[in-house]
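The lines below spell out each chain.
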There are 4 protein chains.
Amino acid sequence: MSDYIDLNCDLGEGLGAWSMGDDAAMLEIVTSVNVACGFHAGDPDIMAERAAQTLEKGIALGAHPSFRDLHGFGRRRIHGIPAQALKNLIIYQVGALQGIARSVGQSVSHVRAHGALGNMTDEDAEMAATLAQAVAAIDSDLTLMTMAGCAADEAAQAAELKVARQAFADRAYNDDGTLVSRSLPGAVLHDAQAATERVLRLAEEGMLETINGKRLRLDANVICVHGDTPAAVAMAASIREALEKRGIGVKPYTEHGPKP
Amino acid sequence: MSDYIDLNCDLGEGLGAWSMGDDAAMLEIVTSVNVACGFHAGDPDIMAERAAQTLEKGIALGAHPSFRDLHGFGRRRIHGIPAQALKNLIIYQVGALQGIARSVGQSVSHVRAHGALGNMTDEDAEMAATLAQAVAAIDSDLTLMTMAGCAADEAAQAAELKVARQAFADRAYNDDGTLVSRSLPGAVLHDAQAATERVLRLAEEGMLETINGKRLRLDANVICVHGDTPAAVAMAASIREALEKRGIGVKPYTEHGPKP
Amino acid sequence: MSDYIDLNCDLGEGLGAWSMGDDAAMLEIVTSVNVACGFHAGDPDIMAERAAQTLEKGIALGAHPSFRDLHGFGRRRIHGIPAQALKNLIIYQVGALQGIARSVGQSVSHVRAHGALGNMTDEDAEMAATLAQAVAAIDSDLTLMTMAGCAADEAAQAAELKVARQAFADRAYNDDGTLVSRSLPGAVLHDAQAATERVLRLAEEGMLETINGKRLRLDANVICVHGDTPAAVAMAASIREALEKRGIGVKPYTEHGPKP
Amino acid sequence: MSDYIDLNCDLGEGLGAWSMGDDAAMLEIVTSVNVACGFHAGDPDIMAERAAQTLEKGIALGAHPSFRDLHGFGRRRIHGIPAQALKNLIIYQVGALQGIARSVGQSVSHVRAHGALGNMTDEDAEMAATLAQAVAAIDSDLTLMTMAGCAADEAAQAAELKVARQAFADRAYNDDGTLVSRSLPGAVLHDAQAATERVLRLAEEGMLETINGKRLRLDANVICVHGDTPAAVAMAASIREALEKRGIGVKPYTEHGPKP
């Protein structure tokens with residue numbers, strides 16, 4: 001389906017003295033990253049270091065805003081935030097990363113909502129619209145990265161934003177294109193070979209097989225991988241290697257375009 | 001001394017359900033403000049509202065970064081932050097306000113360090129240099145607002161930043177141009193009339209009288225006033241009225257220039 | 001209905017440099033208080049001062065634990081906290097206030113969940129059970145203060161805790177004994193006289209009139225009042241005065257008992 | 001010198017999704033621990049789990065209060081906190097852990113100040129007195145754990161508190177009994193064998209050699225070890241094994257007493 005694939009992961013999810021995942025290894029594998037902005041993880045130092053690293057390596061830098069929830073890592077759904085407040089919350093975080101990026105000569109290319117904020121804006125049309133409006137208000141040249149076909153995808157198009165559409169290498173899909181809940185068996189693929197084959201099929205045919213065995217068409221040119229465990233890093237490396245062997249260009253979504 | 005005077009105050013120092021001072025009243029009096037960026041006070045909603053109000057009223061918007069210290073309101077001196085980390089801490093906050101400002105069509109004109117961070121960067125050459133470098137790194141068009149003649153003033157010049165120099169309407173000065181410590185008697189002027197006369201003399205003669213009765217030359221075109229109590233608001237209003245009666249132009253430092 | 005009435009309010013809801021409401025005035029009116037424990041408001045200094053004041057005035061001291069949410073004042077519903085984590089969250093806060101109280105010679109008498117945590121534990125049987133178990137685990141002599149007849153009331157009885165049952169002086173009730181949502185007209189009574197009459201009827205007849213005009217029986221000996229505005233303080237004072245004029249004893253729930 | 005040695009380490013220094021060190025390994029080696037109370041690290045869940053584990057293993061549980069500084073891990077010196085506020089800050093944290101401990105059937109035996117708060121209370125007589133008074137105010141049966149001979153040691157005695165005196169297995173000492181600053185070469189011992197020999201000498205002779213080769217008498221029955229790296233865990237295990245081989249009883253300071 002795609003001529004090119006962007007390999008994407010979350011990054012910079014340490015805080016102060018705490019680290020998470022193997023950012024150094026992932027920076028050798030991925031072509032775009034979503035950097036935590038201090039509300040679920042991340043701090044100004046980590047943000048500055050990651051911004052500089054992405055500049056050096058030609059990786060597209062994204063902001064990964066979240067609910068304000070360090071203790072829950074942004075994974076808890078928080079209800080009752082008015083739309084305007086949600087918009088400001090997102091803009092604050094994106095602006096902070098933009099400032100940090102600017103200070104090292106880098107710039108922010110996209111925004112991907114994190115955790116519960118990501119789930120809620122993927123699902124809920126009103127929250128998705130708020131997210132899209134936040135991004136458009138801060139900089140209409142920013143790309144909104146979302147799950148292909150979700151509410152945020154539609155909201156981004158309505159807001160005339162560029163959209164980068166993700167698919168997950170290691171997550172099972174329902175027939176309707178949503179992710180199988182992590183609480184259900186089979187929701188997460190742990191086998192690197194299986195995940196790699198799945199990504200290849202998606203890249204080559206624009207299809208993946210759902211948990212029920214149906215063929216799902218997915219318009220995604222961003223493959224989301226993880227780096228929080230050694231096995232996750234190995235899976236990501238395996239996917240990159242396989243894509244390149246098949247001659248599929250792995251590069252930032254910002255550089256995709258029709259093959260000559 | 002000055003053809004024009006900028007009246008400046010700290011603003012947006014509430015947090016969530018808490019408010020502080022009478023921001024609405026001060027927005028009718030001052031011509032530039034330093035808006036809290038969330039580390040000692042302030043939140044994305046307050047920041048967005050203040051940014052929009054300053055745009056509407058033609059007030060110069062400044063960022064008021066601080067140590068990370070909500071419980072101490074940024075007034076506690078924190079030691080042991082490496083220069084690079086201090087720089088990132090400042091950039092994060094300025095960037096956040098820039099993002100918020102951009103989203104409402106406003107832009108940030110200056111940076112004024114808050115509380116203990118302000119005191120330490122006013123005094124310490126190394127920290128002052130870090131502050132100036134932070135501001136220059138995020139946007140070399142930003143003005144650094146400092147106390148006239150302090151370490152930050154010198155550091156801003158060394159970094160080739162524009163400088164806006166403050167004097168305090170309600171604080172007593174030592175002979176060397178530093179402020180009399182708040183712990184000493186007479187450090188704070190509570191009489192609106194006395195503060196007003198002091199400001200007039202500074203505006204007209206570039207001089208003020210120190211706590212020891214000596215004449216101190218002060219190159220300041222920004223007068224810092226407060227709005228945290230009804231008496232402080234009244235003092236600020238009195239100062240503005242007196243300046244205008246004497247024909248001294250009260251407008252944002254960004255619009256100062258030689259009189260035709 | 002009751003021989004005695006306890007007048008109760010939330011207290012200590014400032015934070016650092018920020019204050020909220022007129023705690024000093026309320027300490028002259030109420031007989032029990034729920035003191036914020038630092039998660040939605042409150043800090044160790046405010047907690048210590050309030051603990052000492054309640055000791056001096058013979059007021060029953062309660063802990064007012066909340067979700068961790070300073071920016072939302074604990075009013076936002078947070079989903080996805082496992083029961084054990086919710087239990088620990090509550091115990092941490094109650095323990096902190098117990099330590100503070102002990103240091104000034106006072107002790108904590110009850111626990112009343114705040115804001116969204118209060119609403120969710122009033123409504124949801126599972127969360128109510130977690131709250132009751134948390135209180136029982138830290139000290140089975142603590143009283144759980146809840147809305148009369150809610151899920152937390154039942155859970156407290158199941159956990160063999162003492163229960164103190166609140167009614168709200170200034171909130172309209174639905175026919176089923178729940179509060180009319182603040183988003184609906186008439187939800188909050190602003191008239192001190194009307195609120196006072198309502199409290200008198202409740203104290204004397206154990207009844208109040210619902211928003212639909214029906215008579216609702218309510219087994220409550222704690223009347224919750226507010227002190228966040230001057231009008232709220234005046235309403236609270238009016239209620240206390242009226243109760244005393246009718247000969248209804250106003251004293252802490254801890255001292256209630258059958259009249260001789 | 002001592003008939004018994006207590007092996008002590010800091011524990012529970014993760015936060016939410018972040019972990020630090022190998023707590024499980026250290027729980028097999030040490031006989032007392034200092035558990036973070038949420039201000040520099042730690043959260044209610046980690047605290048509850050560690051409290052339960054210490055109960056199960058017969059390890060003495062200590063509170064490890066800190067300045068409020070998650071982003072700096074409590075290692076930054078914060079100036080300007082009034083003595084009463086510092087006292088309340090400590091009490092809040094100790095109380096929180098006491099509540100958590102009580103809920104799992106465990107109790108807190110001692111308090112050891114963390115990081116910058118530890119250094120400042122070890123050095124400064126006034127802050128040491130505040131620490132001791134805080135501990136005495138919350139529970140005069142608590143032991144204050146300090147560096148042998150420091151200001152906090154003296155303050156604890158003045159406050160009639162029990163004292164447990166630490167020596168560091170892996171830190172070089174100055175001739176006056178203070179630790180060599182981490183910024184100087186040789187400040188930290190990385191060799192397990194050297195650290196073990198040092199501990200043996202201290203246990204058997206009450207002496208250790210300073211960085212200048214002088215003999216320093218040290219009245220310490222608590223040896224502080226670390227568990228933040230695999231090498232640190234191995235060093236701790238080596239020390240325990242060596243002590244036991246020499247017939248020196250390794251058990252909690254709470255159980256020390258003259259040998260029969």
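What you see is a predicted model; the values in this text were computed from it and never measured.

Peer 1: Quick one: what's the story with the overall build of chain A, residue by residue and with numbers?
Peer 2: Helix and strand counts for chain A come out as eight helices and 11 strands. Radius of gyration (C-alpha) of chain A: 17 Å, near the 18 Å computed for a compact globule of 260 residues. If one aligns the C-alpha atoms of chain A with their principal axes, the spans along those axes are about 40 × 40 × 35 Å. Considering only intrachain contacts with a sequence separation of at least 6, the fraction spanning at least 24 residues in chain A is 72%. In chain A, 23 side chains carry a positive charge and 34 a negative one; their mean positions are 2 Å apart.

Peer 1: Break down the pattern of salt bridges for me, citing the residues and quoting the values.
Peer 2: Pairs can form between side chains of opposite charge once their charged atoms are near each other. As enumerated under the stated definition, the model contains 50 salt bridges over all chains in all. A salt bridge links E241(A) to K245(A), with the nearest nitrogen and oxygen atoms 3.7 Å apart. Placement of both E241(A) and K245(A) in helix α8 (residues 230-245) is noted, with a separation of four residues, approximately one turn of the helix. Under the relative-accessibility criterion, K245(A) is labelled exposed at 68%. Across the pair R240(B) and E244(B) runs a salt bridge whose closest N-O atoms are separated by 2.9 Å. Separated by four residues within a single helix, R240(B) and E244(B) lie in helix α8 (residues 230-245), roughly one turn from each other. On the basis of relative accessibility, which here comes to 42%, the residue E244(B) falls in the partly exposed class. When salt bridges that share partners are traced, they join R201(A), E205(A), E209(A) and R215(A) into one network.

Peer 1: Lay out the relation of the copies chain D and chain A in plain terms, naming residues and giving numbers.
Peer 2: Take chain D, turn it by 180°, move it 0.1 Å along the axis, and it overlays chain A with an RMSD of 0.0 Å. Taken together, these values place the two copies in the relation of a two-fold axis. For chain D, the minimum C-alpha distance to the rotation axis belongs to W18(D) and amounts to 3.1 Å.

Peer 1: I'd like a rundown of the interface of chain A and chain B, residues and numbers included.
Peer 2: The interface of chain A with chain B comprises 23 residues on the first partner and 23 residues on the second. The junction of chain A with chain B conceals about 1800 Å² of combined surface from both sides, 57% of it contributed by carbon and sulfur atoms. Considering only the side of chain A, the residues that lose the most area to chain B are P44(A), Y92(A) and R102(A), jointly responsible for 34% of the buried surface there. Looking at the side of chain A that touches chain B, the elements with two or more residues in it are α2 (44-57), α3 (83-103) and α5 (125-138) of chain A. For the side of chain A that touches chain B, the leading source of residues is α3(A), giving 13 residues. Considering only residue class, the side of chain A that touches chain B consists of 13 nonpolar, seven polar and three charged.

Peer 1: Outline the state of the cysteines, supporting the account with residue identities and numerical values.
Peer 2: Linking two cysteines covalently through their sulfur atoms gives a disulfide. All names here are of chain D. Overall, the coordinates contain zero disulfides over all chains when judged by the stated rule. Not part of a disulfide, C37 finds its nearest cysteine sulfur in C9, a span of 14 Å. Assessed through its relative accessible area of 0%, C37 is described here as buried. Among the cysteines around C224, which has no disulfide bond, C9 carries the closest sulfur, lying 7.4 Å off. Using a relative accessible area of 3% as the deciding quantity, one classes C224 as buried.

Peer 1: Would you mind going over the interface of chain D and chain A in detail, with residue names and values included?
Peer 2: One widely used convention gives an interface's size as the accessible area the parts lose upon coming together. Each partner contributes to the interface: chain D provides 14 residues, whereas chain A provides 14 residues. Between chain D and chain A, a total of about 1200 Å² is buried, with carbon and sulfur atoms accounting for 73% of that surface. Summed over the three residues of chain D that lose the most area to chain A, namely A17(D), W18(D) and H71(D), the buried surface amounts to 56% of that side. Across the chain D-chain A interface, the total number found is zero salt bridges. The interface formed by chain D and chain A contains two residue pairs in polar contact (both at pLDDT 80 or more). By residue class, the composition of the side of chain D that touches chain A is seven nonpolar, five polar and two charged.

Peer 1: Break down α5(A) for me, citing the residues and quoting the values.
Peer 2: All names here are of chain A. Compared with the 20 Å implied by 1.5 Å per residue over 14 residues, the 20 Å span of α5 between its first and last C-alpha is a close match. All buried positions along α5 are accounted for by M127, A128, T130, L131, A132, A134, V135 and I138. One side-chain oxygen of the residue at the start of α5 lies 3.1 Å from the amide nitrogen of E126, identifying that residue as D124.

Peer 1: How would you sum up the packing of aromatic side chains? Please name residues and give values.
Peer 2: Under the counting rule described, the total for this entry stands at 12 aromatic pairs over all chains. Relative to F73(D), the ring of W18(A) lies with its centre 5.7 Å away and its plane at 80°, an arrangement referred to as edge-to-face. One end of the pair, W18(A), is in the loop between β1 (4-11) and α1 (23-27); the other, F73(D), is in the loop between β3 (60-64) and β4 (77-79), on a second chain. As far as the burial class goes, W18(A) and F73(D) line up, both buried. On the basis of an interplanar angle of 65° and a centroid distance of 6.2 Å, the ring pair of Y92(A) and Y92(B) is categorised as edge-to-face. Separated into two different chains, Y92(A) in helix α3 and Y92(B) in helix α3 (residues 83-103) make up a pair that spans both. For Y92(B), a relative accessible area of 3% corresponds to the buried category. A connected cluster of aromatic rings, assembled from ring pairs, spans W18(A), F73(A), W18(D) and F73(D). Positioned above the aromatic ring of Y4(B) is the side chain of K251(B), whose terminal nitrogen or guanidinium carbon lies 3.9 Å from the ring centre.

Reading the values: rules and limits
Residues numbered from 1 in each chain as written. Chains lettered and ligands numbered in written order. Predicted model: local features only at pLDDT ≥ 70, side-chain atom pairs only at ≥ 80, totals over all residues. Heavy atoms only, no water. Helix = DSSP H or I, 4+ residues; strand = E, 2+ residues; numbered from the N terminus. Rg over C-alpha atoms; globule rule 2.2 N^0.38 Å. Contact = heavy atoms within 4.5 Å. Lys, Arg positive; Asp, Glu negative; His and termini not counted. Charge placed at Lys NZ, Arg CZ, Asp CG, Glu CD. Salt bridge = Lys/Arg side-chain N within 4 Å of Asp/Glu carboxyl O. Buried < 20%, exposed > 50% of the residue type's maximum accessible area, 1.4 Å probe, protein only. Least-squares fit on C-alpha atoms with pLDDT ≥ 70 in both. Buried area = accessible area lost by both parts, 1.4 Å probe. Nonpolar A, V, L, I, M, F, W, Y, C, P; charged D, E, K, R; others polar. Disulfide = S-S within 2.5 Å. Polar contact = N/O pair within 3.5 Å; in protein donor to acceptor, adjacent residues only side chain to side chain. Expected span 1.5 Å × (residues − 1). Phe/Tyr/Trp six-rings, centres within 6.5 Å; stacked < 30°, edge-to-face > 60°. Lys NZ or Arg CZ within 6 Å of the ring centre and 35° of its normal.

So, to be careful, I would describe these as geometric facts and stop short of saying anything about function.
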